[in-house]
Amino acid sequence: MNQKDLKRYKKMLEDSKTSLLESAKKTLVEESSFDTDDLPDEIDQASSEYTQSMVFRLRDREKFLLQKIDKALERIDNGTFGVCERCEEEISPKRLDARPVTTLCIRCKEEQEKKEKSYG
């Protein structure tokens, strides 16, 4: 992969990371200023708690994505970005454009999903 493409992917990943971190900070501020004692009845409180639970689940998924972004940035730095970790062939640019944190080419990912499906 050439340096121009690597810089483009690095910028994509860094922009995604910045966006996720800003979103997490915003949620933290909003959630910390919210007091469930201000809600008039139990139904409103239950609804609010459900919403908070959903937000925190989403944040947990975003935390996992941040870890993947950091690993992809490491792969760019050590020269292994864009190489399938299973078959060691280059991952197609279309796949990297769609999912820059991927570590598997489309063929290996499909094989992995088939195996997971047969176990699940």
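What you see as residue numbers is a count from 1 along each chain, following the sequence as written. In keeping with the model being predicted, local features are shown solely for residues with a pLDDT of at least 70 and side-chain atom pairs are shown and tallied solely at 80 or more, while totals for entire chains, interfaces and linings include all residues. Just so you know, side-chain values use all the structure's heavy atoms and leave hydrogens and water out.

Labelled according to an unreviewed UniProt entry, the protein chain appears under the name C4-type zinc finger protein, DksA/TraR family, originating from Melittangium boletus DSM 14713.

**Comments concerning the pattern of salt bridges**
One speaks of a salt bridge when a side-chain nitrogen belonging to Lys or Arg is within 4 Å of a carboxyl oxygen belonging to Asp or Glu. This structure, assessed with the given rule, holds seven salt bridges. Measuring nitrogen to oxygen at the nearest pair gives 2.7 Å for the salt bridge that ties lysine 17 to aspartate 70. Taken together, the residues lysine 17 in helix H1 (residues 3–32) and aspartate 70 in helix H2 (residues 42–78) connect sequence positions 53 residues apart. Lysine 17 sits in the partly exposed class, given a relative accessible area of 25%. When accessible area is computed with a 1.4 Å probe and restricted to protein chains, residues below 20% of their type maximum are described as buried, those above 50% as exposed, and intermediate ones as partly exposed. Using a relative accessible area of 30% as the deciding quantity, one classes aspartate 70 as partly exposed. In this structure, arginine 107 engages glutamate 89 in a salt bridge whose closest nitrogen and oxygen atoms are separated by 3.5 Å. Linking arginine 107 in helix H4 (residues 106–119) with glutamate 89 in the loop between H2 and helix H3 (93–98), this pair joins segments that are 18 residues apart in sequence. By relative accessible area, arginine 107 is classed as partly exposed at 39%. Glutamate 89 sits in the partly exposed class, given a relative accessible area of 44%. Residues joined in a network through salt bridges with shared partners are Glu89, Arg107 and Glu111. We count a stretch as a helix when DSSP gives it H or I for four or more residues in a row; a strand needs E for two or more, and each element gets its number in order from the N terminus.

**Topic: the layout of surface pockets**
Grid spacing is 1 Å over the protein atoms alone, the probe is 1.4 Å, and a cavity is where that probe fits but cannot get out, while a pocket is an open set with protein on both sides within 12 Å along at least five of seven lines and lining residues have an atom within 4 Å of a point. Grid points are joined across faces, edges and corners, and a volume is the space filled by probe spheres set on the points. Approximately 340 Å³ is the volume found for the largest pocket. Lining the largest pocket are 16 residues, with Lys68, Val101, Thr102, Thr103 and Lys109 sitting closest to its centre. Those elements giving two or more residues to the lining of the largest pocket turn out to be H2 and H4. Counting residues per element, the lining of the largest pocket draws most heavily on H2, which supplies five residues. Any residue outside Ala, Val, Leu, Ile, Met, Phe, Trp, Tyr, Cys, Pro, Asp, Glu, Lys and Arg is labelled polar, Gly included; the first ten of those are nonpolar and the last four are charged. For the lining of the largest pocket, the per-class residue count stands at three nonpolar, four polar and nine charged.

**Quick look at the side chain of threonine 102**
Following the sequence through the fold, threonine 102 ends up in the loop between H3 and H4. In protein, a polar contact means a hydrogen-donor-capable atom and an acceptor-capable atom, both N or O and within 3.5 Å, with residues adjacent in sequence counting only if both atoms are side-chain atoms; elsewhere, any N or O pair within 3.5 Å suffices. Only 3.1 Å separates the side chain of threonine 102 from the backbone oxygen of leucine 104, close enough to count as a polar contact. Any two residues whose heavy atoms approach within 4.5 Å are treated as being in contact. Those residues in contact with threonine 102 that lie beyond four places of it in its chain are Arg75, Ile91, Arg95 and Leu96.

**Some words on the packing of aromatic side chains**
Note on aromatic pairs: the rings of Phe, Tyr and Trp (six-membered ring only in Trp) are paired at centre separations within 6.5 Å, and the planes decide the class, stacked below 30 degrees, edge-to-face beyond 60, tilted for the rest. Enumeration according to the criterion identifies one aromatic pair in this entry. Note on tyrosine 9 and phenylalanine 81: the rings are 5.4 Å apart at their centroids and 45° apart in plane angle, and the pair reads as tilted. Of the two residues, tyrosine 9 sits in helix H1 while phenylalanine 81 sits in the loop between H2 and H3, which places them 72 residues apart along the sequence. A relative accessible area of 1% places tyrosine 9 in the buried class. Geometrically, a charge over a ring is one whose NZ (Lys) or CZ (Arg) sits within 6 Å of the ring centre while staying within 35 degrees of the ring normal. Its guanidinium or amino end placed over the ring of tyrosine 9, arginine 8 lies 4.6 Å from that ring's centre, counting from NZ or CZ.

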